[in-house]
Amino acid sequence: MIKLTELKKSYHKKNVRQDILKGINLTVEEGELVAVKGRSGAGKSTLLYILGGLEQPTSGSYHFYNSNITNFNQKELAAWRKENIGFILQNFTLIEEKNVFDNVALPLLYANKSKGEIESKVISLLEQLELEDKAYQYPRELSGGQAQRVAIARALINEPKLILADEPTGSLDEETEKVILNIFKKINQEGKTFILVTHDETVSSICERVIEIKNGYSDEF
Ligand SMILES: Nc1ncnc2c1ncn2[C@@H]1O[C@H](COP(=O)(O)OP(=O)(O)OP(=O)(O)O)[C@@H](O)[C@H]1O
Ligand SMILES: [Mg+2]
């Protein structure tokens, strides 16, 4: 499904080149659950952004099935992302002015789905995540764990092939973390591919594969 070959990413700051990723080689098959770990600043989020098409690598290639993503222009990239990628970001951003239902429905609205289809999909996903009784509450009226589950619902509603999560349980207590991890496991067992960045041993222990980014290179355990 995913093949990264000699993938590199550098940033320029005041004419100084910073090499963040120096040669990442990684293959991920459909249906895998992969953890990415590494020290703060190692380049984990950078790698996730590249995988999600939010950043382009400086060099190397990224194949997603038969497409070389590195050849896509901005428009192609946006269309590809909308169809294939679900993002759960480090600071999950719900829209404060919209209630839970509308936050989750947003990707379907962009995709021009009918009102009936949106209604049934959103309600069924909220039920799965045990959020159905929160559908008409606003983000500020939710606990951290509930808000995190809403962000997860929004990432899943379009049925993306690849789900990318950046420290998805970073700010949660142990109980809530367990609930979220069980949801991930379940979604993964339904055939979705998951790549998640984490510092947490509990999280990486549920993953079949653990990749570490160190000094710009990837290692597998
Ligand atoms: N847009 C950018 N411009 C310049 N430098 C950047 C940019 N994005 C990231 N960096 C730098 O790249 C390095 C890797 O950042 P990244 O966010 O990928 O780290 P990380 O492994 O996710 O760390 P953390 O665990 O703290 O989230 C950092 O030194 C960061 O300052
Ligand atoms: Mg990060």
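Just above, that's the structure.
Summarised in this report is the structure supplied together with it. Please read these numbers as outputs of a predicted model, since none were measured by experiment.

**Section: the overall build of the protein**
Looking only at helices and strands, the protein features seven helices and ten strands. Computed over its C-alpha atoms, the radius of gyration of the protein comes to 18 Å, within 12% of the 17 Å expected for a compact globule of 221 residues. Dimensions of the protein, computed from the C-alpha atoms along their principal axes, are close to 50 × 40 × 35 Å. For the protein, with 221 residues in total, the buried portion stands at 48%. Put simply, 70% of the contacts in the protein that link residues at least 6 apart link residues at least 24 apart. Carbon and sulfur atoms provide 46% of the accessible area of the protein, an area that totals close to 11500 Å². In the protein, 28 positive and 32 negative side-chain charges are present, and the distance between their average locations comes to 7 Å.

**Focus: the pattern of salt bridges**
According to the stated counting rule, one finds seven salt bridges in the structure shown. Notably, a salt bridge pairs Arg 209 with Glu 32, separated by 2.8 Å at the nearest N-O pair. Taken as a pair, Arg 209 in strand S9 (residues 209-214) and Glu 32 in the loop between strand S2 (16-28) and strand S3 (33-37) lie far apart in primary sequence, 177 residues in all. Take Arg 209 and Glu 32: they sit in the same class, and that class is buried. When the shortest N-O distance is used, the salt bridge between Glu 220 and Arg 209 registers 2.7 Å. Remark: Arg 209 occurs in strand S9 and Glu 220 occurs in strand S10 (residues 217-220); sequence separation between them is eleven residues. Among the residues examined, Glu 220 registers a relative accessible area of 42% and is labelled partly exposed.

**What about the site of ligand 1?**
In the vicinity of ligand 1 there are 13 residues, among which Ser 40, Gly 41, Lys 44, Ser 45 and Thr 46 approach most closely. For ligand 1, an oxygen atom lies 2.9 Å from a polar atom in the backbone of Gly 43. Ser 45 places a side-chain nitrogen or oxygen 2.8 Å from an oxygen atom of ligand 1. Isolated, ligand 1 exposes 640 Å² of accessible area, and the fraction of that covered by the protein chains is 67%. Within the residue set of the shell around ligand 1, elements represented by two or more residues are strand S1 (2-13) and helix H1 (44-51). Considering each element in turn, the shell around ligand 1 owes the most residues, three residues, to H1. In the shell around ligand 1, the residues fall into three nonpolar, seven polar and three charged.

Basis of the calculations
- Residues numbered from 1 in each chain as written.
- Chains lettered and ligands numbered in written order.
- Predicted model: local features only at pLDDT ≥ 70, side-chain atom pairs only at ≥ 80, totals over all residues.
- Heavy atoms only, no water.
- Helix = DSSP H or I, 4+ residues; strand = E, 2+ residues; numbered from the N terminus.
- Rg over C-alpha atoms; globule rule 2.2 N^0.38 Å.
- Buried < 20%, exposed > 50% of the residue type's maximum accessible area, 1.4 Å probe, protein only.
- Contact = heavy atoms within 4.5 Å.
- Areas by Shrake-Rupley, 256 points an atom, 1.4 Å probe, with all protein chains shown as cover.
- Lys, Arg positive; Asp, Glu negative; His and termini not counted.
- Charge placed at Lys NZ, Arg CZ, Asp CG, Glu CD.
- Salt bridge = Lys/Arg side-chain N within 4 Å of Asp/Glu carboxyl O.
- Near = heavy atom within 4 Å.
- Polar contact = N/O pair within 3.5 Å; in protein donor to acceptor, adjacent residues only side chain to side chain.
- Nonpolar A, V, L, I, M, F, W, Y, C, P; charged D, E, K, R; others polar.

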